[in-house]
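So you can see what is in the structure, the chains are spelled out below.
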Amino acid sequence: MDPKKWIDVNSESFQYSLDHFVIPDHYEDALSSVLIPHGVIMDRVEKLAKLIVQESTGPLVVCCVLKGGHQFFADLVNYIKKNVTRGNKTVPLSLEFIKVKSYSNETSGDVKLSLTDEECKEFSGKNILIVEDIIDTGKTMVQLLAKLRKYNPESVKVASLLIKKTPLSNGYVPDYVGFAIPNAFVVGYALDYNEYFRDLDHICVINDHGKEKYAIKN
Ligand code: HPA
Ligand code: MG
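Just so it is clear, the model here is predicted, and its values are computed rather than measured.

### Re the overall build of the chain
- Across its full length, the chain carries 5 helices and 10 strands.
- Out of the 218 residues in the chain, the part that is buried amounts to 47%.
- For the chain, the share of sequence-separated contacts (at least 6 apart) that also reach a separation of at least 24 residues comes to 69%.
- Split by element, the accessible area of the chain, about 10900 Å² in all, is 51% carbon and sulfur.

Printed below as a string of structure tokens:
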């Protein structure tokens with residue numbers, strides 16, 4: 001078993017009832033199931049951190065893709081620091097943040113990146129680790145990578161907590177993946193639906209009522 005191979009979360013066997021976990025009251029009617037409980041997420045993030053330390057060859061610029069990536073980024077960086085203090089391999093880290101916005105309701109619009117030219121120049125000659133919450137169609141990441149590579153980094157790797165098994169995928173697969181998930185819209189652990197559900201610890205599947213309740217209405 002390759003430890004870098006993701007955990008395949010299969011919709012039939014891996015859907016937990018909401019009743020078995022603590023869910024904020026304000027979201028209970030908007031979710032259909034818990035897909036990945038918070039504790040399982042944390043255990044998998046710890047393992048990804050360990051693999052990243054083992055495979056790193058020098059200082060890393062860990063680059064958080066906001067907003068959805070912030071929780072995974074924070075936990076991953078914490079585990080990397082702990083791993084470094086436990087083992088004898090040290091990996092100096094510096095932290096960067098990129099804001100990306102590509103979703104309104106569920107449909108992907110155009111990808112907007114917040115990087116200025118000046119900020120991008122900082123990446124020249126560095127080993128970059130991009131930290132993203134989810135690869136869905138792959139469109140955002142392919143555009144982001146194309147943009148970053150123009151600034152001649154030494155290397156660029158990508159860690160994504162989730163990859164969605166969707167027919168709309170462009171085939172892009174990151175270097176590190178936590179879980180492959182079914183083709184459903186998921187929220188929680190900083191993943192949002194129109195800015196809601198970031199304050200939910202577990203990764204859950206939103207239901208039709210939730211999509212309607214939190215839709216952007218024009
Ligand atoms: N949930 C939240 N954000 C997303 C998703 C998803 O399923 N896919 C792409 N961005
Ligand atoms: Mg994202």
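### A short note on the site of ligand 1
- If you check the shell around ligand 1, you find 9 residues, and the closest are D136, K164, F185, V186 and D192.
- Contacts to ligand 1 include D136, whose side-chain N or O atom sits 2.7 Å from a nitrogen atom.
- Between a nitrogen atom of ligand 1 and a main-chain N or O atom of V186, the distance comes to 2.5 Å.
- About the coverage of ligand 1: the protein hides 93% of its 260 Å² of free accessible area.
- The residue makeup of the shell around ligand 1, split by class, is 6 nonpolar, no polar and 3 charged.

### Some words on the sheet that holds strand β10 (residues 203-206)
- Pairing in this open sheet of 3 strands is antiparallel, and the strands run β2-β10-β9 from one edge to the other. Of all strands in the sheet, those with a lone pairing partner are β2 (31-36) and β9 (186-187), marking the two edges.
- By the bridge criterion, 4 bridges tie β2 to β10 in an arrangement that is antiparallel. Bridge pairing links L31 to I206 in β10.

### Focus: helix α1 (residues 38-55)
- If you check α1, its first and last C-alpha atoms are 26 Å apart, about what 18 residues at 1.5 Å a residue would give, namely 26 Å.
- For α1, the full list of buried residues reads I41, M42, R44, V45, L48, A49, L51, I52 and V53.

### Focus on the pattern of salt bridges
- For the coordinates displayed, the defined rule picks out 9 salt bridges.
- With a closest N to O distance of 3.0 Å, E195 and K67 form a salt bridge. Separated by 128 residues along the polypeptide, E195 in the loop between β9 and β10 and K67 in the loop between β3 (60-66) and α2 (70-86) bring together distant segments of the chain.
- Given a relative accessible area of 37%, E195 falls into the partly exposed group.
- Owing to a relative accessible area of 34%, K67 belongs among the partly exposed residues under this scheme.
- Its salt-bridge partner being E118, residue K121 comes within 3.3 Å of it at the nearest N-O pair. Note that K121 and E118 are positioned in helix α3 (residues 117-121) at a spacing of 3 residues, about one turn of the helix.
- The class for E118 is exposed, based on a relative accessible area of 54%.
- One salt-bridge network, held together by shared partners, links K67, D192, E195 and R198.

The rules behind each value
- Residues numbered from 1 in each chain as written.
- Chains lettered and ligands numbered in written order.
- Predicted model: local features only at pLDDT ≥ 70, side-chain atom pairs only at ≥ 80, totals over all residues.
- Heavy atoms only, no water.
- Helix = DSSP H or I, 4+ residues; strand = E, 2+ residues; numbered from the N terminus.
- Buried < 20%, exposed > 50% of the residue type's maximum accessible area, 1.4 Å probe, protein only.
- Contact = heavy atoms within 4.5 Å.
- Areas by Shrake-Rupley, 256 points an atom, 1.4 Å probe, with all protein chains shown as cover.
- Near = heavy atom within 4 Å.
- Polar contact = N/O pair within 3.5 Å; in protein donor to acceptor, adjacent residues only side chain to side chain.
- Nonpolar A, V, L, I, M, F, W, Y, C, P; charged D, E, K, R; others polar.
- Pairing = 2+ DSSP bridges.
- Expected span 1.5 Å × (residues − 1).
- Salt bridge = Lys/Arg side-chain N within 4 Å of Asp/Glu carboxyl O.

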